[in-house]
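Listed here are the chains, written in short residue letters.
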Amino acid sequence: MGSERTYRATGINLKSMPLGESDRIVTLLTKEFGLVRVVAKGSRKPKSALGGRTEPFVVNNLLIARGRSLDRISQAETARSFSGLRSSLAKLTVAQYWAEVVLHQALSQQPQEDVFAVLLEHLERLSDAPRQAAAALPLLGHGVYHLLAIAGVAPQVHRCHYCRCRMDVPVDAIGSEREFLFSPASGGAICDTCEIAQRPERVAVLSAPTLAALQALPNAALPECTDIPIGAWLGVEQALHRTIQYHFDRTIQSSTLVATCFRAQMPVAT
């Protein structure tokens, strides 16, 4: 960051915690310096100008002053606030999930322009999406997949990479009862030949609709997936969570909330 006493950055608020009686410590993703922890002095006071600007997922243009242990926000001008995220618990849950992924993978003291751009793009899509929970769940997987792609650990979903295999992994019709194997340690989806020859250890079993949903994720824009049930998208979250746990050795706390928030939207069996 250089030796200047202040520096400028554009940051997305990822999380915050109270400090003292009226301050906050805010963790930001900045495109210029990666993850940065700063003090927002007085931001918890009722009339503080920094109060709303330190809320989660607000994007600010910042002037930051250096400190001995923690830097401090000197000025903050809001660039985006994503008010649509607050229209439903489902949207906030998805955004919080992405924040956790970024906190696990993003670096400090290094530019993180790609991570910043992907998170910003997906927050915009989520904010503009319909309020219904069923609309937010596919966006969850799409955002997580693209964040993992930046880190180079996104699972392979179209071709098998087990034991250097490169066979295609085709999906049967959405209504098929066929099942597929998935292993983060083996690279992702596993083809029929490898499944029959030697079943890899620690695999997950995916339904055909779940694999079809996973195969839609590498696209820059999520295609229409109206024929994929919400249960399949929950399966996508579980597969991606396994991938995060394998590569980062971390868990996503919001995964539990996802199960609670979205399972209520599944049709009741009769």
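Colleague: Describe the sheet that holds strand 3 (residues 34–40), naming the residues involved and giving the relevant values.
Modeller: An order of 1-2-3-5-4 is seen for the five strands of this closed barrel, with the pairing classed as mixed. Strand-to-strand twist across the sheet, computed as the mean angle between neighbouring axes with direction ignored, equals 50 degrees. In the sheet, strand 1 (residues 6–19) pairs with strand 4 (residues 59–65) via seven bridges, with the strands oriented antiparallel. Across the sheet, A9 pairs through a bridge with L62, a residue of strand 4. Sheet contacts for helix 1 (residues 89–105): strand 1, strand 2 (23–30) and strand 3; angle to strand 1, the most-contacted strand, approximately 115 degrees. Most of the contacts of helix 2 (residues 113–128) go to strand 1, to which it runs at about 60 degrees, and overall it touches strand 1, strand 2, strand 4 and strand 5 (71–80).

Colleague: Explain helix 5 (residues 208–216) to me, using residue names and the numbers behind them.
Modeller: Among the nine residues of helix 5, nine are classified as buried, and the element is accordingly described as predominantly covered. Along helix 5, the residues classified as buried are A208, P209, T210, L211, A212, A213, L214, Q215 and A216. Among the structural elements, strand 6 (179–183), strand 7 (188–190), strand 8 (204–207) and helix 6 (230–248) are those in contact with the buried residues of helix 5.

Colleague: Just give me the short version of helix 1, but keep the residues and values in it.
Modeller: Between its terminal C-alpha atoms helix 1 stretches 25 Å, which fits the 24 Å expected from 17 residues at 1.5 Å a residue. Extensive coverage of helix 1 is indicated by the burial of 12 of its 17 residues.

Colleague: Tell me about the pattern of salt bridges, and name the residues and values.
Modeller: Counted according to the given criterion, the structure contains six salt bridges. A salt bridge links E124 to R80; the shortest N-O distance between them is 2.9 Å. Of this pair, E124 sits in helix 2 while R80 sits in strand 5, and the two are 44 residues apart along the sequence. Owing to a relative accessible area of 29%, E124 belongs among the partly exposed residues under this scheme. Here E121 makes a salt bridge to R125, at a shortest N to O gap of 2.5 Å. Placement of both E121 and R125 in helix 2 is noted, with a separation of four residues, approximately one turn of the helix. Look at E121 and you get partly exposed, because its relative accessible area is 34%.

Colleague: Before we move on, can you summarise the nonpolar core with the specific residues and values?
Modeller: If you look at the biggest cluster of nonpolar residues, it comprises 71 residues, and the most contacted ones within it are L29, W98, L123, V144, L148, L214 and F262. Not counting residues within four places of it along the chain, the set of residues in contact with F262 comprises A90, V94, A133, A136, L137, I230 and L234. Counting 13 residues, the second-largest nonpolar core is a separate cluster that includes Y7, A9, A40 and I73.

What counts and how
Residues numbered from 1 in each chain as written. Predicted model: local features only at pLDDT ≥ 70, side-chain atom pairs only at ≥ 80, totals over all residues. Heavy atoms only, no water. Pairing = 2+ DSSP bridges. Helix = DSSP H or I, 4+ residues; strand = E, 2+ residues; numbered from the N terminus. Axes fitted to C-alpha atoms, helices over the stretch in contact; angles between N-to-C directions. Contact = heavy atoms within 4.5 Å. Buried < 20%, exposed > 50% of the residue type's maximum accessible area, 1.4 Å probe, protein only. Expected span 1.5 Å × (residues − 1). Salt bridge = Lys/Arg side-chain N within 4 Å of Asp/Glu carboxyl O. Core = buried A, V, L, I, M, F, W, Y, C linked by side-chain atoms within 4.5 Å.

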